Amino acid sequence: MDYSSCSQLLVLAILVLFSLAQNIINAASNGVFNVIDFGAIADGIRDNSKAFENAWREACYWNTYSTVLVPPGKYLVTSVVFKGPCKAPISFQLQGLILAPPGLSKLADKESWITFESLRSFTLTGGGTFHGQGRTAWPENQCHKNSNCQLPISIRFNKLNDSTITGVQSVDSKFFHINILGCYNLKLNKINISAPDDSPNTDGIHIGRSNGIEISNSIIATGDDCVSLGDGSQNVLVSDVSCGPGHGISVGSLGKYKKEEDVVGLTVINCTFTGTSNGVRIKTWPDSEDGKAFNFTFEDLFMNNVENPIVIDQEYCPHNQCNIKVPSRVKISNVRFRNIRGTSLTKEAVRIVCSKEIPCQNVEIGDINLVYNGIDDKGPAISSCSNVKPTLVGKQIPATCV
C-alpha cells in the first residue's frame, strides 16, 4: 500500500471518529443517547453489547435527566449490564427488538442476558421487545433432572428503587423472563410476556427479597408460573393480569434453603386464568427449613378451564427430590380466597393440604363458584382439605373442607 492510500485511510478514520464524537456531543445537548450514535448496527447479526454499554455509560454520567434510545430495528446483544447509580434519573426507551444469541454457547454471561442494576427513579418503556430466542436453548434444559440448574434469565432487575417498567414485551426467554431481586417500590404495567406452554422454566415474573412490587394490566402466557414469589417478597400487588397458558400465580416453593426470609403480604385481584395448570397456589417443601408465609388475599378471580384453581400444597415435591414423610415447617397463616369463579378441568377444584406439624391458621374461603368442566367424568366439583380449619363465608361451590 503506498503512502497516498495510507493517508486516505487515516483521513477516513479521523472523519469517522469525528462523526461519532459529534453525535455524542449532540446527544449530550438534548439528553437523548441513541445507541446508533455509539456504533450499534440494527442488522440482527453483529453484536451490539459494547455500543449499548457505551451509550448507557455516557447517559448515566449526565447531570440531568437522560434517555438511552434504542430505535426501531433488530439488535443482537450477547450480554449487557446497565448499572448505576447514575448522577440523575435515567430512562431506557426500547422501540426496537433486542435479540439474544441463539443457543447457550455464545452468551457472555451464562446466568443473565440483560440486567438493570442499582438504579433509582429509573424508567423502562417504549413498546419494544426483548427476544430470548429460547427455542434454540430449551432442548438443552435439564432442570427436570437437576433442580439446581441455572440457565440465563432474560431480564434482571436488581436493586431498583422507585422505578417503573411499562409497555415492553419479553418473548421466548431461555429461562425466566423477568427476575426481580432486592427492589423497592417497583411498578410493572402493560407488560406482555409470551412463550409456548411447553417451554421449560420460563416463569413470567419472579420476585425475591423485594418490597412494594406492583404488576398490573399485563398479559402473561408462558410455560411456567405467570408470577411467582420467592423468599423475602413483601407487599406485592398483582392486578388486572391475564395469565395463560402457564402454571398460574404462585407463592413459593418455600423452605428448601437455609435462612430463607418470610413472605409477607400478597394481593392478587381482578385477574383471569385461562387454560393454566393452576390458578392461585401456595407451595412449600416437606422436610423444609423453618419459615413463615402470611397475609395473602386472592380476590375477584376468574378461572377458565383451569386444572387446579385453588391450591395450598405443603407437600410440594417435584421429581421426588425430597422426603415427603417429614412435614413442612413453613407456617402459613392469614390467607383469604374471595369471589373466585369459573370452571375447573379437574373435579378437585379446591385442594388445601397443610403441614401436619404446623397446620395452616386463619384461612378464609368465601363466595367460591367453581364448576367442574372435565370430559372424563360427570358430577360436581369437589374439594379436599387436611390440617386446616378454614372460616367459610358466603357461597361454597364446591362445598369446602366438609
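Residues numbered from 1 in each chain as written. Predicted model: local features only at pLDDT ≥ 70, side-chain atom pairs only at ≥ 80, totals over all residues. Heavy atoms only, no water.

Caption draft 1: Local environment of the packing of aromatic side chains. Using the criterion set out here, one finds 15 aromatic pairs in the structure. Between F33 and F38 the ring centres are 6.4 Å apart and the planes differ by 35 degrees, which places this aromatic pair in the tilted class. Neither F33 nor F38 differs from the other in exposure class; each is buried. Three or more aromatic residues link up through ring pairs in this structure, and these residues are W56, F82, F92, F116, F122 and F157. Directly above the aromatic system of Y372 lies the positively charged group of K347, at a separation of 5.1 Å from the ring centroid. (Phe/Tyr/Trp six-rings, centres within 6.5 Å; stacked < 30°, edge-to-face > 60°. Buried < 20%, exposed > 50% of the residue type's maximum accessible area, 1.4 Å probe, protein only. Lys NZ or Arg CZ within 6 Å of the ring centre and 35° of its normal.)

Caption draft 2: Structural view of the state of the cysteines. Under the criterion given, the structure shown has five disulfides. The partner cysteine of C317 in its disulfide is C322, sulfur to sulfur 1.9 Å. We classify C322 as partly exposed; its relative accessible area is 26%. Here C354 is linked by a disulfide to C360, with a sulfur-sulfur distance of 2.0 Å. What sets the handedness of the C354 and C360 disulfide is the S-S torsion sign, and at about -100 degrees it is left-handed. C360 matches C354 in its accessibility class, with the two residues each being buried. No disulfide involves C183; its sulfur sits 15 Å from the nearest other cysteine sulfur, which is in C86. There is no disulfide at C271, and the cysteine sulfur nearest it, in C243, is 8.4 Å away. (Disulfide = S-S within 2.5 Å.)

Caption draft 3: Representation of the pairing of strand β14 (residues 184-189) in the model. Two strands pair when backbone bridges link them, and strand β11 (residues 153-166) and β14 are joined in this way by five bridges, in the parallel orientation. Looking at β14, one finds that I165 is bridged to L188. Both β14 and strand β17 (residues 211-221) contribute to a ladder of five bridges, which runs parallel. Its bridge partner lying in β17, Y184 is registered against N211. (Pairing = 2+ DSSP bridges. Helix = DSSP H or I, 4+ residues; strand = E, 2+ residues; numbered from the N terminus.)

Caption draft 4: Main features of the pattern of salt bridges. A full pass over the atoms with the stated rule returns 14 salt bridges. Here E53 ties to K50 by a salt bridge, and the two come within 3.8 Å at their closest N and O atoms. Pair noted here: E53 and K50 are both in helix α2 (residues 49-60), with a separation of three residues, about one helical turn. Owing to a relative accessible area of 61%, K50 belongs among the exposed residues under this scheme. A salt bridge links R281 to D225, with the shortest nitrogen-to-oxygen separation between them at 3.1 Å. Note that R281 is positioned in strand β22 (residues 280-284) and D225 in the loop between β17 and β18 (227-229), a separation of 56 residues in sequence. Judged by relative accessible area, which is 9%, R281 ranks as buried. Residue class for D225 comes out buried when judged on its relative accessible area of 2%. One salt-bridge network, in which partners are shared between bridges, spans R209, D231 and E261. (Salt bridge = Lys/Arg side-chain N within 4 Å of Asp/Glu carboxyl O.)

Caption draft 5: Broad picture of unusual backbone geometry. In this model, G84 is joined to P85 through a cis peptide bond whose omega is 5 degrees. As for its placement among the helices and strands, P85 is situated in the loop between β5 (80-83) and β6 (90-94). Look at the link from G244 to P245: it is a cis peptide, with omega at 0 degrees. Relative to the helices and strands, P245 resides in the loop between β19 (234-243) and β20 (249-254). Positioned with a positive phi, N185 is a non-glycine residue whose angle comes to about 55 degrees. Secondary-structure assignment places N185 in strand β14. The exposure class of N185 is partly exposed, given its relative accessible area of 25%. Positive phi is not limited to glycine here, since K190 has a value of about 55 degrees. Mapped onto the secondary structure, K190 falls in the loop between β14 and β15 (192-194). K190 gets classed as exposed once you look at its relative accessible area, which sits at 54%.

Caption draft 6: Region of interest: the environment of T64. Take T64: it is sitting in the loop between α2 and β3 (66-70). Taking the C-alpha atoms as reference points, T64 and I90, 26 residues apart in sequence, are found 8.5 Å from one another. Among all residues touching T64, those that are not within four sequence positions of it are A88 and P89. Polar contacts involving the side chain of T64 include one to the side chain of W62, which spans 3.0 Å. (Contact = heavy atoms within 4.5 Å. Polar contact = N/O pair within 3.5 Å; in protein donor to acceptor, adjacent residues only side chain to side chain.)

Caption draft 7: Region of interest: the side chain of D225. Among the polar contacts made by the side chain of D225, one reaches the side chain of S250 at a distance of 3.1 Å. With sequence-adjacent residues up to four places away left out, D225 is seen in contact with D203, G204, H247, G248, S250, R281 and K283.

Note that all results are geometric; they support no functional claim without further evidence.
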